[in-house]
Amino acid sequence: MRTLIAAIAATLAGALVAAGSAQAQTVVSEVAIHEAAREFVRDHLEAVDSSVERYEINIRWQGDVILLGEGDPQIAIRRISTQPFRGPTVLRAEIQLHGETVRVLTLTADTRIYRGVLVTTRTVRRGELFTEEMFDHRERDVTDVKSGYFSRFADLAGLQASRTIGFDRVIATDHAERVPVILRGGEVTLLLETDFMRITTRGKALQDGSVGERVRVKNRDTGKLLRGEVVDAGTVRIDL
């Protein structure tokens, strides 16, 4: 009899433990986490730059999240840094249940930006003057083009290639430069002027330069090295 009572007591104790461990659970799906993060990034992009033509947002997080307890979970996305949404950006996801944050996740949003830009139809050599037939207008991923890019040929007219550019390449702003009007080693007139005087002398250009650019020059008479602004094809205004 005592053995039977002990067995019944042990069974009841096990049932109570099992009941206590089988608490209600709430599942936050991977899909829901991804969509909350994408919506956060989309809202930011549209608020900051409405000119973005197309973008893709890939969220790096795998797996559902299991919460103890029942309820309607809310997902709040926060920025961890002020880094712009171009390429990988780290986000913080706070999962809340009954108004209380019960899980915190770290996500990565990889945002790719697409625009219609000029791309080369052939290899363009350094120093070549840009012409319209060198380019085509196509949609390209410009996420990693940090220096800027060109969307119309009018902005390239009169400029030349600052380096050799391969076939089917996006034309970035650092690929283009103004055509130099003075060349390294060439003779120039050095101009020094104030409100009260105007002095000119002979000089030698130590680097190429276009109008408005600052270049290094050498005074032919004194041998002194100077800097100044290119005024025209033969003149450099010397700094005081």
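Attention in this report is confined to the structure presented alongside it. Given the structure is predicted, the values throughout are model-derived calculations rather than measurements.

Definitions and limits used
- Residues numbered from 1 in each chain as written.
- Predicted model: local features only at pLDDT ≥ 70, side-chain atom pairs only at ≥ 80, totals over all residues.
- Heavy atoms only, no water.
- Helix = DSSP H or I, 4+ residues; strand = E, 2+ residues; numbered from the N terminus.
- Buried < 20%, exposed > 50% of the residue type's maximum accessible area, 1.4 Å probe, protein only.
- Contact = heavy atoms within 4.5 Å.
- Phe/Tyr/Trp six-rings, centres within 6.5 Å; stacked < 30°, edge-to-face > 60°.
- Lys NZ or Arg CZ within 6 Å of the ring centre and 35° of its normal.
- Pairing = 2+ DSSP bridges.
- Axes fitted to C-alpha atoms, helices over the stretch in contact; angles between N-to-C directions.

1. Details of the side chain of His-175
Point 1. Within the secondary structure, His-175 is located in the loop between β8 (159-161) and β9 (176-178).
Point 2. According to the relative accessible area criterion, His-175 is buried, its value standing at 7%.
Point 3. Setting aside its immediate chain neighbours within four residues, His-175 contacts Phe-130, Gln-160, Ala-161, Ser-162, Arg-163, Ile-165, Arg-169 and Val-170.

2. So, the packing of aromatic side chains
Point 1. One pass over the structure, following the stated rule, counts 3 aromatic pairs.
Point 2. By the ring-pair criterion, three or more aromatic residues cluster together here, those being Phe-130, Phe-135 and Phe-153.
Point 3. One cation-aromatic arrangement involves Arg-54 over Tyr-114; the distance from NZ or CZ to the ring centre is 4.1 Å.

3. A few points about the sheet that holds strand β11 (residues 198-205)
Point 1. Read around the closed barrel, the 5 strands follow the order β10-β11-β12-β13-β14; overall the barrel is mixed. Taking each pair of neighbouring strands and ignoring which way they run, the sheet shows an average axis angle of 55°.
Point 2. In this sheet, strand β13 (residues 225-232) lies alongside strand β12 (residues 214-219) in antiparallel orientation, the contact comprising 5 bridges. Paired with Lys-218 across the bridge in β13 is Leu-225.

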